[in-house]
Amino acid sequence: MQAICARYMAQITLPEGARVLEVGCGNGAATKLIMQHVSPAQLVGIDPSPVFIDMAGATFAGEPRVSFAIGDAVATGQADAFFDLVIAHTVYS
């Protein structure tokens, strides 16, 4: 998964101050790769599982650019047209 993420994420260019929504963030494994390769100013990860949200939040405790919330692709709980990029890695496989 890391090699796949690195390959396609390295091709993403975002404007300064860009905001990313990660749909289906799970435990935050792909979130790490997004932060490493895309480096957005803000990332919000959503997932329907409170257990995964807690795990991801613990992993990124102290990282002010990253936050997590309950949500899914149909009901993100986020403002319309707020994000510059939406990533849903391995959500639809």
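For the structure, check the block above.
Notes on the structure in this doc start here. The structure presented is a predicted model; accordingly, all values stated were derived computationally and were not measured. (Residues numbered from 1 in each chain as written. Predicted model: local features only at pLDDT ≥ 70, side-chain atom pairs only at ≥ 80, totals over all residues. Heavy atoms only, no water.)

### So, the overall build of the protein chain
Then, number 1: A tally of helices and strands in the protein chain yields three helices and four strands.
Then, number 2: Counting helices and strands in the order they occur from the N terminus, the protein chain gives α-β-α-β-α-β-β.
Then, number 3: Against the compact-globule benchmark of 12 Å for 93 residues, the protein chain has a radius of gyration of 12 Å, which places it among compact chains.
Then, number 4: Principal-axis analysis of the C-alpha atoms gives the protein chain an extent of 30 × 30 × 30 Å.
Then, number 5: Expressed as a percentage of the 93 residues in the protein chain, the buried residues total 37%.
Then, number 6: Expressed as a percentage of contacts within the protein chain between residues at least 6 apart in sequence, the contacts between residues at least 24 apart total 61%.
Then, number 7: Roughly 5,300 Å² of accessible area belongs to the protein chain as shown, and the carbon and sulfur atoms make up 55% of that amount. (Helix = DSSP H or I, 4+ residues; strand = E, 2+ residues; numbered from the N terminus. Rg over C-alpha atoms; globule rule 2.2 N^0.38 Å. Buried < 20%, exposed > 50% of the residue type's maximum accessible area, 1.4 Å probe, protein only. Contact = heavy atoms within 4.5 Å. Areas by Shrake-Rupley, 256 points an atom, 1.4 Å probe, with all protein chains shown as cover.)

### Structural notes on the environment of I12
Then, number 1: On the secondary structure map, I12 appears in the loop between α1 (2–9) and β1 (19–23).
Then, number 2: Distance from I12 to V38, taken between C-alpha atoms, is 6.5 Å for residues 26 residues apart in sequence.
Then, number 3: Beyond its immediate stretch of four places on either side in the chain, I12 contacts V38, L85 and I87.

### Remarks on helix α2 (residues 29–37)
Then, number 1: Every buried residue of α2 is accounted for by A30, T31, L33, I34 and M35.
Then, number 2: Buried positions along α2 lie against α1, β1, β2 (42–47), β3 (66–70) and β4 (85–87).
Then, number 3: S39 lies just past α2 and shows a positive phi near 50 degrees.

### Focus on the environment of M55
Then, number 1: The residue M55 is located in helix α3 (residues 50–59) in this model.
Then, number 2: Sequence spacing of M55 and G26 is 29 residues, and the spatial spacing of their C-alpha atoms is 8.2 Å.

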